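Each chain is listed here by its residues.
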Amino acid sequence: MNMATIDSKIPEGALAEKWTNYKAHQKLVNPANKRRLDIIVVGTGLAGASAAASLAEMGFNVLNFCIQDSPRRAHSIAAQGGINAAKNYQNDGDSVYRLFYDTIKGGDYRAREANVYRLAEVSNAIIDQCVAQGVPFAREYGGLLANRSFGGALVSRTFYARGQTGQQLLLGCYGAMNRQIQAGKVKMYNRHEVLDIVIVDGKARGVIARDLVTGKIERFGAHAVVLATGGYGNVFFLSTNAMGCNGSAAWQAYKRGAMFGNPCFVQIHPTCIPVHGDQQSKLTLMSESLRNDGRVWKKIEDAKKLQAGTLNPNDIPDEDRDFYLERRYPAFGNLVPRDVASRAAKERCDAGFGVNNTGKAVFLDFKYAIAQLGRDTIEKRYGNLFQMYEKITAVDPYNNPMMIYPAIHYSMGGLWVDYNLMTTIPGLYAIGECNFSDHGANRLGASALMQGLADGYFILPYTIGDYLAKEIQTPKINTNTKEFDEAEKHVTDRLRRLYDIKGTKSPDHFHKELGHIMWEYIGMAREAAGLKKAIELIAELKKDFYKNLRITGEFTAMNNELEKAARVADFIELADLMAHDALDRNESCG
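Residues numbered from 1 in each chain as written. Predicted model: local features only at pLDDT ≥ 70, side-chain atom pairs only at ≥ 80, totals over all residues. Heavy atoms only, no water.

Draft legend 1. Layout of the overall build of the protein. Secondary structure assignment for the protein yields 17 helices and 17 strands. On C-alpha atoms alone, the protein measures out to a radius of gyration of 24 Å, which is about the 25 Å that the 2.2 N^0.38 rule sets for 590 residues. When its C-alpha atoms are laid out on the principal axes, the protein stretches across 75 × 60 × 45 Å. Residue burial in the protein is summarised as follows: out of 590 residues, 60% are buried. Counting only contacts in the protein whose residues sit at least 6 apart along the sequence, the fraction spanning at least 24 positions is 75%. Mean positive and mean negative side-chain charge positions of the protein (71 and 66 charges, respectively) differ by 3 Å. (Helix = DSSP H or I, 4+ residues; strand = E, 2+ residues; numbered from the N terminus. Rg over C-alpha atoms; globule rule 2.2 N^0.38 Å. Buried < 20%, exposed > 50% of the residue type's maximum accessible area, 1.4 Å probe, protein only. Contact = heavy atoms within 4.5 Å. Lys, Arg positive; Asp, Glu negative; His and termini not counted. Charge placed at Lys NZ, Arg CZ, Asp CG, Glu CD.)

Put into structure tokens, the structure is as follows:
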């Protein structure tokens, strides 16, 4: 891999003026020329769908890819709690600067300030856009949009639609994108997985994708490629991500020369349903919004009766309950940033105060909020979340405390991008969770949806034009060239190598083993000896993978096991990079 030049291309001037100055001096593409330019967008979550809809609305020809059978099944749909914006509707002191400052501080000052300030600047426009699309945000009695608090902030700036904000926002994007599909400006490729980036004369000029229904390998060309493929939390096997979420497109871009930024920065969310068995394949998020009204606690003294199931938590008097977040962090209470809440829960459980049979859980109790506000109010705010919790655990959270424990949730690290959201490969962009730029070492709650829609609706549509203005005389990309031939052969040979191993162990076996290594040594607490051990174990696992992997089914047909095997192969290599990155950092953050 050739070492690329790192140039963040941050505009000159004061922080609050950079984005305005950028837009005033950027190169533009006129409407007639936009019709001659093709853009590939990979992913249909909030970032991908909003980018596809916006770019097509501007006149570009968009090819949009998703691995699901419908764009509506992108993982953005799982986001629960809300989306941040500096509207200051609560008149509690919020501002663009305060949103910027909270985001930078929440990320332990590891994010790029210019990008984050821009994110805060466009946050208000996102809310206006979504309201215009009909997103049913919660409203106050008088009809104004409602807000609630999230971790790491002393103001209420989070807009929400009960506990299904991601779903409602995605439906807005989906409607806007469908309009462009109907108009013929977006060509949709469902059930297609992008497996490689094609580089021609140093520029990204297309992708190689596999039709997941037929197994056919196909090639697609464009003047620019945008990756909006989400994060790589499933490198840990157990996470709050959907099982299909993967980092393969970003990883293949890395292998083609795109730099990775902060790969070891992953977020561990403090409010998830605890692991309940060896056969579990994913974990379930309980929205951070629950910490607005729920109080986190554990028993002050010996917790063995709770762990044995012989003591009902409702029988423990208040004086025997330790509301440890309120005790340690009185200014923020239960709404401390996620990294703080996660570390505190782990520390209390490691000290023997866990409240379930594994000793890996603390309570999140709504008894006090129900007594103060009434059950109807709590049900209106969190009803679908309470219902989901009861379905999974068979415990009624209106009458009993929830049990929660930290779990892998989000990837702050990702492909390195400059101020234009371009990677170190010219013409290759990364937006949303796929890039590294906005969240530093810890993402604040309700900022992921903000970043995804900011990038797709309001930032990329400006910045990509600056690049494409130089491409208006470039003809339609020809896919019958040696570069496309070589990339397609590379993909086919790689899949064939995996398929022909004919061992005895499934892709899930190796994925689960990798997850154990990751959580044990590269999880919430890391130290040098453990990271060195992880690097050794990952190398051993990789050898075993390429010796004993077994893929069932046909090679040239629908084959879920082949899909999983390719993703696990990428996860193993990514895990090694994460371990080395963590080992190189003699610091504590996030």
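So much for the structure itself; the text now carries on.
Draft legend 2. The sheet that holds strand β8 (residues 217-221), seen in detail. Sheet architecture is open: three strands sit in the order β6-β7-β8, paired in antiparallel fashion. The open sheet has two free edges, formed respectively by β6 (192-200) and β8, since each of these has just one partner strand. When strand polarity is set aside, the average angle formed by the axes of neighbouring strands in this sheet is 25°. (Pairing = 2+ DSSP bridges. Axes fitted to C-alpha atoms, helices over the stretch in contact; angles between N-to-C directions.)

Draft legend 3. Fine view of the layout of surface pockets. In this structure, the second largest pocket encloses a volume near 730 Å³. Along its surface, the second largest pocket is lined by 28 residues, and L238, V275, Y405, H516 and W519 are the ones closest to its centre. Elements supplying a minimum of two residues to the lining of the second largest pocket: α10 (338-353), β15 (402-411) and α15 (507-521). By residue number, the principal contributor to the lining of the second largest pocket is α15, which donates five residues. Split into classes, the residues belonging to the lining of the second largest pocket amount to 15 nonpolar, seven polar and six charged. (1 Å grid on protein atoms, 1.4 Å probe; cavity = no way out; pocket = protein on both sides within 12 Å on 5 of 7 lines; lining within 4 Å. Points joined across faces, edges and corners; volume = space filled by probe spheres on them. Nonpolar A, V, L, I, M, F, W, Y, C, P; charged D, E, K, R; others polar.)

Draft legend 4. The environment of P263, seen in detail. When you line up the elements, P263 lands in the loop between β10 (260-261) and β11 (266-272). Take P263: its relative accessible area is 5%, and that puts it in the buried class. For the pair P263 and L449, spaced 186 residues apart in the sequence, the C-alpha separation amounts to 20 Å. The contact partners of P263, leaving out residues within four places of it in the chain, are Y232, L577, M578 and D581.

Draft legend 5. How the structure looks around the pattern of salt bridges. This model, assessed by the stated rule, comprises 40 salt bridges. With its nearest N and O atoms 2.5 Å apart, the salt bridge here joins R494 to D570. A residue pair is termed long-range when its members are at least 10 positions apart, and R494 in helix α14 (residues 482-499) and D570 in helix α17 (residues 560-584) qualify at 76 residues. For the pair formed by R494 and D570, the shared burial category is buried. Where E573 meets K542, a salt bridge forms, and the shortest distance between an N and an O atom there is 3.8 Å. Of this pair, E573 sits in helix α17 while K542 is found in helix α16 (residues 528-548), placing the two residues 31 residues apart along the sequence. (Salt bridge = Lys/Arg side-chain N within 4 Å of Asp/Glu carboxyl O.)

Draft legend 6. Fine view of the state of the cysteines. All told, the structure shown has zero disulfides when counted by the stated rule. A disulfide-free cysteine, C66 has its sulfur positioned 12 Å from the sulfur of C245, the nearest such atom. In this structure C173 is not part of a disulfide, and its nearest cysteine sulfur, from C130, lies 6.6 Å away. Look at C173 and you get buried, because its relative accessible area is 1%. (Disulfide = S-S within 2.5 Å.)

Draft legend 7. Representation of the side chain of S411. Secondary-structure assignment places S411 in strand β15. The buried category is assigned to S411, whose relative accessible area is 1%. From its side chain, S411 meets the backbone nitrogen of G233 in a polar contact 3.4 Å long. With near-sequence residues (within four places) excluded, S411 lies in contact with G231, Y232, G233, F265, V266 and E433. (Polar contact = N/O pair within 3.5 Å; in protein donor to acceptor, adjacent residues only side chain to side chain.)

Draft legend 8. Structural view of unusual backbone geometry. Even without being a glycine, N88 presents a positive backbone phi close to 60°. Among the structural elements, N88 can be located in the loop between β3 (83-84) and α4 (96-106). Of the residues examined, N88 reaches a relative accessible area of 25% and is grouped as partly exposed. Despite not being glycine, R162 shows a phi value in the positive range, around 50°.

Draft legend 9. Layout of the packing of aromatic side chains. Summed over all chains, the structure comprises 28 aromatic pairs. Ring centres 5.3 Å apart and planes at 85° place the aromatic pair F510 and F545 in the edge-to-face group. Taken together, the positions of F510 in helix α15 and F545 in helix α16 put the pair 35 residues apart, joining distant regions of the chain. There is no split in this pair, since F510 and F545 are both buried. Of the aromatic side chains, those joined through ring pairs into one cluster are W19, Y22, Y419 and Y462. For R295, the ring lying beneath its charged end belongs to F323, and the centroid distance is 3.8 Å. It is R496 that lies over the ring of F555; its NZ or CZ is 3.9 Å from the centre. (Phe/Tyr/Trp six-rings, centres within 6.5 Å; stacked < 30°, edge-to-face > 60°. Lys NZ or Arg CZ within 6 Å of the ring centre and 35° of its normal.)

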